[in-house]
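Structural features, examined
Chain by chain, the residues run as shown.
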Amino acid sequence: MNIGVIGYGYWGKNLVRNFYAQKKASLKAVLDFDAKKLESLQKLYPSVEITTDLEEFLKKVDAVAIATPVFTHYELAKKCLEAGKHVLVEKPMTSSYAQAQELIEIAEKKGLTLMCDHTFLYTGAVQKMKELINNGSIGNVNYIDSTRINLGLFQPDVNVLWDLAAHDISICYYLMNEKPVAVQAVGISHTNNGIENIAYLTLHYASNKIAHFNCSWSSPVKVRQMLVGGDKKMIVWNDLEATEKIKVYDTGYELKTEEDKTKILVDYRVGDIFVPKLDSTEALFTMAQDFIEAILENKKPSATAEIGALVVQVLEASQKSIKNEGKKIAL
Ligand SMILES: NC(=O)c1ccc[n+]([C@@H]2O[C@H](COP(=O)([O-])OP(=O)(O)OC[C@H]3O[C@@H](n4cnc5c(N)ncnc54)[C@H](O)[C@@H]3O)[C@@H](O)[C@H]2O)c1
């Protein structure tokens, strides 16, 4: 199977490196409308064909990975699907939920694989958390709380939630396997383009769970921390730790019912801390492999197009909530 990559910018370079390293498919061609970028690629990968022409590119490949700016994803993915190619789109999948749904429909009709690269789902940390939740060690997940802040690059077209919370939304859905029913968000822009550089997003669930994300490009320190609170144990994921990224706390509390219902009696339990070993394979390599195997074996990948669409749906609703001063928006 021949793979092609569209967009050889910051992230496209990582996709090219990881598709080039795959065994079950070969990286055949790369398209970018910037010919200079393609010249630099050819020095590193002489066997890969380069082109600035989409029609020519589509003739060479069976499957395409798209790593161009978000506003171009829908048009490019649609053209590739209509040409009968399997498609991997970078996150966020599209600029609107309607566009994401349309792409899913086209892929289904044509029997093609469509997935969205939410790379974090393939990290050793997220895989381990999923395993701990699935095997019951954490108990029922009550909440997820994430802080994703740093002195970040102010994006000219999307706010901080589209940039950073996209990761948290996909991880929450992957871990809890439950869609939120409503979202609430507030944020602020400190620039004159009105694009929020600090925002707080809350997801509400039908099953009494809650998730909250603090995202900022305006923090003096970088924090990448997620708490997953189960009713048996709790997880702290610090993605900036070199090795001990995940710590599982045998910590919990029990609420006692008393005759006097107004009194709340809480029994706290503080036990051991367990540091599990994580798989250190590069997440993007596993993601590229999953795309190829999904096509070859006609199975669903872990980062489905449905997760990609849900992320866009939540982001769209969060934007609406911010513009309505934090109003709760039903999904
Ligand atoms: N999965 C992740 O963790 C992750 C990380 C970073 C970026 N991304 C995503 O990757 C995508 C690209 O981001 P980036 O930072 O690499 O951007 P970038 O601007 O560095 O690169 C985009 C490249 O696409 C090319 N391009 C733009 N429009 C094109 C078109 N219509 N046809 C052909 N080439 C075109 C540009 O010339 C450029 O080389 C975005 O969707 C971004 O959100 C994902």
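Preceding block: the structure.
First, a word on what this report is: a plain description of the structure on this page. (Residues numbered from 1 in each chain as written. Predicted model: local features only at pLDDT ≥ 70, side-chain atom pairs only at ≥ 80, totals over all residues. Heavy atoms only, no water.)

This brings us to the layout of surface pockets. If you add up the space inside the second largest pocket, you get close to 250 Å³. In terms of residue count, the dominant contributor to the lining of the second largest pocket is helix H5 (residues 97-110) (3 residues). Looking at the lining of the second largest pocket, its residues break down into 8 nonpolar, 5 polar and 4 charged. (1 Å grid on protein atoms, 1.4 Å probe; cavity = no way out; pocket = protein on both sides within 12 Å on 5 of 7 lines; lining within 4 Å. Points joined across faces, edges and corners; volume = space filled by probe spheres on them. Helix = DSSP H or I, 4+ residues; strand = E, 2+ residues; numbered from the N terminus. Nonpolar A, V, L, I, M, F, W, Y, C, P; charged D, E, K, R; others polar.)

This brings us to the site of the ligand. The local shell around the ligand holds 22 residues, among which Trp-11, Asp-32, Lys-37, Lys-91 and Thr-119 are the closest. Phe-33 places a polar main-chain atom, nitrogen or oxygen, 3.4 Å from a nitrogen atom of the ligand. Asp-117 is positioned with one of its side-chain polar atoms (N or O) 3.5 Å from a nitrogen atom of the ligand. Protein contacts shield 78% of the accessible area of the ligand, which totals 860 Å² for the unbound molecule. (Near = heavy atom within 4 Å. Polar contact = N/O pair within 3.5 Å; in protein donor to acceptor, adjacent residues only side chain to side chain. Areas by Shrake-Rupley, 256 points an atom, 1.4 Å probe, with all protein chains shown as cover.)

Right, let's get into the pairing of strand E8 (residues 182-188). In this sheet, strand E9 (residues 198-204) lies alongside E8 in antiparallel orientation, the contact comprising 7 bridges. Paired with Gln-184 across the strands is Thr-202, a residue of E9. As paired elements, E8 and strand E15 (residues 329-330) share 2 bridges and run antiparallel to each other. Looking at the pairing, Ala-182 lines up with Ala-330 of E15. (Pairing = 2+ DSSP bridges.)

Once that is clear, we can look at the packing of aromatic side chains. Enumeration over the complete set of coordinates arrives at 5 aromatic pairs. Geometrically, the ring pair formed by Phe-19 and Phe-291 is edge-to-face, given 6.2 Å between the ring centres and 75° between the ring planes. Of the two residues, Phe-19 sits in helix H1 (residues 10-20) while Phe-291 sits in helix H8 (residues 283-296), which places them 272 residues apart along the sequence. Here the aromatic rings of Phe-154 and Trp-217 are separated by 5.5 Å at their centres, their planes lie at 45°, and the arrangement is tilted. Of this pair, Phe-154 sits in the loop between strand E7 (141-149) and helix H7 (160-176) while Trp-217 sits in the loop between strand E10 (210-216) and strand E11 (223-230); the two residues are 63 residues apart in sequence, bridging distant segments of the chain. (Phe/Tyr/Trp six-rings, centres within 6.5 Å; stacked < 30°, edge-to-face > 60°.)

With that settled, the discussion passes to the nonpolar core. Ranked by internal contacts, the top residues of the largest apolar core, which has 105 residues, are Phe-19, Leu-114 and Leu-201. If near-sequence neighbours (up to four positions away) are discounted, Leu-201 is found in contact with Leu-161, Ala-165, Ile-169, Val-183, Gln-184, Ala-185, Ala-211, His-212, Phe-213, Val-314 and Ser-318. (Core = buried A, V, L, I, M, F, W, Y, C linked by side-chain atoms within 4.5 Å. Buried < 20%, exposed > 50% of the residue type's maximum accessible area, 1.4 Å probe, protein only. Contact = heavy atoms within 4.5 Å.)

Taken together, the 6 strands give an open sheet; going across it, the order is E3-E2-E1-E4-E5-E6, and neighbouring strands pair in parallel fashion. If you trace the sheet from one side to the other, it starts and ends with strand E3 (49-51) and strand E6 (114-117), each paired once. In this sheet, neighbouring strand axes are inclined to one another by 20° on average, regardless of whether the strands run parallel or antiparallel. Summarising the sheet, strand E4 (residues 63-66) and strand E5 (residues 86-90) pair through 4 bridges and their orientation is parallel. Bridge assignment links Ala-63 to a residue of E5, and that residue is His-86. The sheet strands contacting H8 are strand E1 (2-6), E4, E5 and E6, and the helix crosses E5 at an angle near 155°. (Axes fitted to C-alpha atoms, helices over the stretch in contact; angles between N-to-C directions.)

Let's shift gears to the sheet that holds E15. Strand order in the open sheet formed by 9 strands is E14-E13-E12-E11-E7-E10-E9-E8-E15, with mixed pairing between adjacent strands. The open sheet has two edge strands, strand E14 (265-274) and E15, and neither has a second partner. Each of E7, E8, E9, E10, E11 and strand E12 (234-238) touches H7; the most contacted strand, E10, lies at about 155° to it.

A separate point is the environment of Asp-290. For Asp-290, the position within the fold is in helix H8. Taking the C-alpha atoms as reference points, Asp-290 and Gly-230, separated by 60 residues in sequence, lie 29 Å from one another. Excluding residues that lie within four positions of it along the chain, Asp-290 makes contacts with Tyr-122, Pro-301, Ser-302 and Ala-303.

At a minimum axis separation of 8 Å, H5 and helix H9 (residues 305-323) run at an interaxial angle of 165°. In terms of orientation, H5 lies roughly antiparallel with respect to H9. Crossing hand, H5 versus H9: left-handed. Contacts between H5 and H9 involve Tyr-97, Ala-100, Ile-104 and Glu-108 on the former and, on the latter, Ala-305, Glu-306, Ala-309, Val-312, Gln-313 and Glu-316. Taken together, the residues that form the contact of H5 with H9 break down as 6 nonpolar, 1 polar and 3 charged. (Parallel < 35°, antiparallel > 145°, perpendicular 65-115°, else oblique. Left-handed = near helix turned anticlockwise from the far one by under 90°.)

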